[in-house]
Amino acid sequence: MRTRALVAASAVALAALAAVYFYSLRGVDAVAPYATQTSARLPDSKSNERSTGDLGQEPQANPPVQRQKAAHYTPLSNLTPILGDAAQVIDALTPAAKSGDTSAALAIFVKANDCRLRTEAAKRNAPSSTPTALIPPDCQSLAPEDYTAAGQWLEAAADAGNVDAQFLYPASAEGVLGPPVDWLRHPEAVANFKRKAMAYMNANAAKGSIDALLDLSNAYEYGVLTERDPVKALAYYRAVELSDGNAISQRSLAYLKQNLSPTDVTNAENLARSIHANCCE
């Protein structure tokens, strides 16, 4: 059953809020690192096309669409960091990543992201200590530019169709955009991140992913990655219920309806059925 929490969104807290939500939705501790082994599976061969529009929109004439036959949960790799000195691990993976191996590209990101998360946790637990002394030994070989490059590798893997990377991307704002202090200096990068995060969720929802439908419901409910739209939030949640009634909470469903007018609820129901028909039947 999916649980919800009220989140107060702000521009400055964009990545933190997005990460907290998406980590909790996927059942992962917000402090625990995402990572992968080099044996992680390659992108889904059924379809690597990305859709950036809402599933409830009017279909185009003769669209070249390949859809999953039924709604499904998206199986993601068991993501664990590759052990060893971070710089050496990344150096070993880089040739494969440059040749187009999206598993290697993803592994670079999650190794660097693991270092970032562990370093931040150490700084929170011992704020008075010398910052450099708090960096884990296996991460001390990384330079700031290594973290920047790692975010670019995550984006490249997601763009190439790696489903693991696409689901990880919306929860990785700081890994992709850098420290929060930089976000207001680069609003165009924040806008691009939000656009791509929504595109990846829409792409996987279009293939019938219940997980992506849930992600979209949350995105429209909280208004962090896109404009807040309570009608769409309810519509995507109802589309999940139409696919698998056990995946939703009736309390959450009632919460989404409570401030909507009867007309809004009707519109959400019609949109939900359109979404479900386009992705999951």
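Residues numbered from 1 in each chain as written. Predicted model: local features only at pLDDT ≥ 70, side-chain atom pairs only at ≥ 80, totals over all residues. Heavy atoms only, no water.

Enquirer: Explanation requested: the environment of Ala199 in the structure shown.
Expert: Here Ala199 lies in helix 7 (residues 187-206). By relative accessible area, which is 1% here, Ala199 ends up buried. (Helix = DSSP H or I, 4+ residues; strand = E, 2+ residues; numbered from the N terminus. Buried < 20%, exposed > 50% of the residue type's maximum accessible area, 1.4 Å probe, protein only.)

Enquirer: Which parts of the structure should I look at to understand the state of the cysteines?
Expert: Among covalent bonds in proteins, the disulfide is the one between the sulfur atoms of two cysteines. On inspection of all chains with the given rule, the structure shows two disulfides. A sulfur-sulfur separation of 2.1 Å characterises the disulfide bridge that pairs Cys115 with Cys139. Taking the torsion about the sulfur-sulfur bond, which here is approximately -80°, the covalent link between Cys115 and Cys139 counts as left-handed. With Cys115 in helix 3 (residues 102-125) and Cys139 in the loop between helix 3 and helix 4 (144-159), the pair connects residues that are 24 residues apart, well separated along the chain. By relative accessible area, Cys139 is classed as buried at 1%. (Disulfide = S-S within 2.5 Å.)

Enquirer: When you look at the packing of aromatic side chains in this model, what are you seeing that I'm missing?
Expert: Ring pairs (aromatic) are described by centroid distance and by the angle formed between their planes. In the structure shown here, the tally under the stated rule is three aromatic pairs. Centre to centre, the rings of Tyr169 and Tyr200 are 5.1 Å apart; their planes meet at 85°, and the pair counts as edge-to-face. With a gap of 31 residues between them, Tyr169 in the loop between helix 5 (163-168) and helix 6 (173-177) and Tyr200 in helix 7 connect regions that are remote in the sequence. Like Tyr169, the residue Tyr200 is buried in the burial classification. (Phe/Tyr/Trp six-rings, centres within 6.5 Å; stacked < 30°, edge-to-face > 60°.)

Enquirer: So what exactly am I meant to see when it comes to the packing of helix 8 (residues 210-222) against helix 9 (residues 230-243) here?
Expert: Any two packed helices are characterised by how steeply their axes cross, that is the angle between the axes, and by the distance between the axes. Two elements in contact, helix 8 and helix 9, have axes separated by 7 Å at closest approach and are oriented at 160°. The orientation of helix 8 with respect to helix 9, classified from their angle, is roughly antiparallel. The way helix 8 lies across helix 9 gives a crossing that is left-handed. Counting all contacts with helix 8, which are made through Ile210, Leu213, Leu214, Leu216, Ser217, Tyr220 and Glu221, the residues of helix 9 involved are Pro230, Lys232, Ala233, Tyr236, Tyr237, Ala239, Val240 and Ser243. Among the residues forming the contact of helix 8 with helix 9, the class breakdown is eleven nonpolar, two polar and two charged. (Axes fitted to C-alpha atoms, helices over the stretch in contact; angles between N-to-C directions. Parallel < 35°, antiparallel > 145°, perpendicular 65-115°, else oblique. Left-handed = near helix turned anticlockwise from the far one by under 90°. Contact = heavy atoms within 4.5 Å. Nonpolar A, V, L, I, M, F, W, Y, C, P; charged D, E, K, R; others polar.)

Enquirer: Just to check I follow, could you spell out the packing of helix 9 against helix 11 (residues 262-279) for this structure?
Expert: Put simply, helix 9 and helix 11 touch, their axes get as near as 8 Å, and they point 50° apart. Classified by the interaxial angle, the pair formed by helix 9 and helix 11 is oblique. Crossing geometry of helix 9 relative to helix 11 is assigned as right-handed. For the pair helix 9 and helix 11, contact is made by Val231, Lys232, Leu234, Ala235, Tyr236, Arg238, Ala239, Leu242 and Ser243 and by Asp264, Val265, Asn267, Ala268, Glu269, Leu271, Ala272, Arg273, Ile275 and His276, respectively.

Enquirer: Looking at this model, I keep getting lost on the pattern of salt bridges. Mind explaining?
Expert: Side chains bearing opposite charge may pair, as long as their charged atoms lie close to each other. In the structure shown here, the tally under the stated rule is eleven salt bridges. A salt bridge links Arg116 to Glu174, with the shortest nitrogen-to-oxygen separation between them at 3.8 Å. With a gap of 58 residues between them, Arg116 in helix 3 and Glu174 in helix 6 connect regions that are remote in the sequence. The network of salt bridges with shared partners includes Lys111, Asp114, Arg118 and Asp138. (Salt bridge = Lys/Arg side-chain N within 4 Å of Asp/Glu carboxyl O.)

Enquirer: Please explain the nonpolar core as it appears in this structure.
Expert: Buried together is how nonpolar side chains tend to be arranged in soluble globular proteins. Residues Leu154 and Leu213 are the most contacted members of the largest nonpolar core, which totals 63 residues. Considering every element that reaches this core, the biggest residue donor is helix 3, with nine residues. (Core = buried A, V, L, I, M, F, W, Y, C linked by side-chain atoms within 4.5 Å.)

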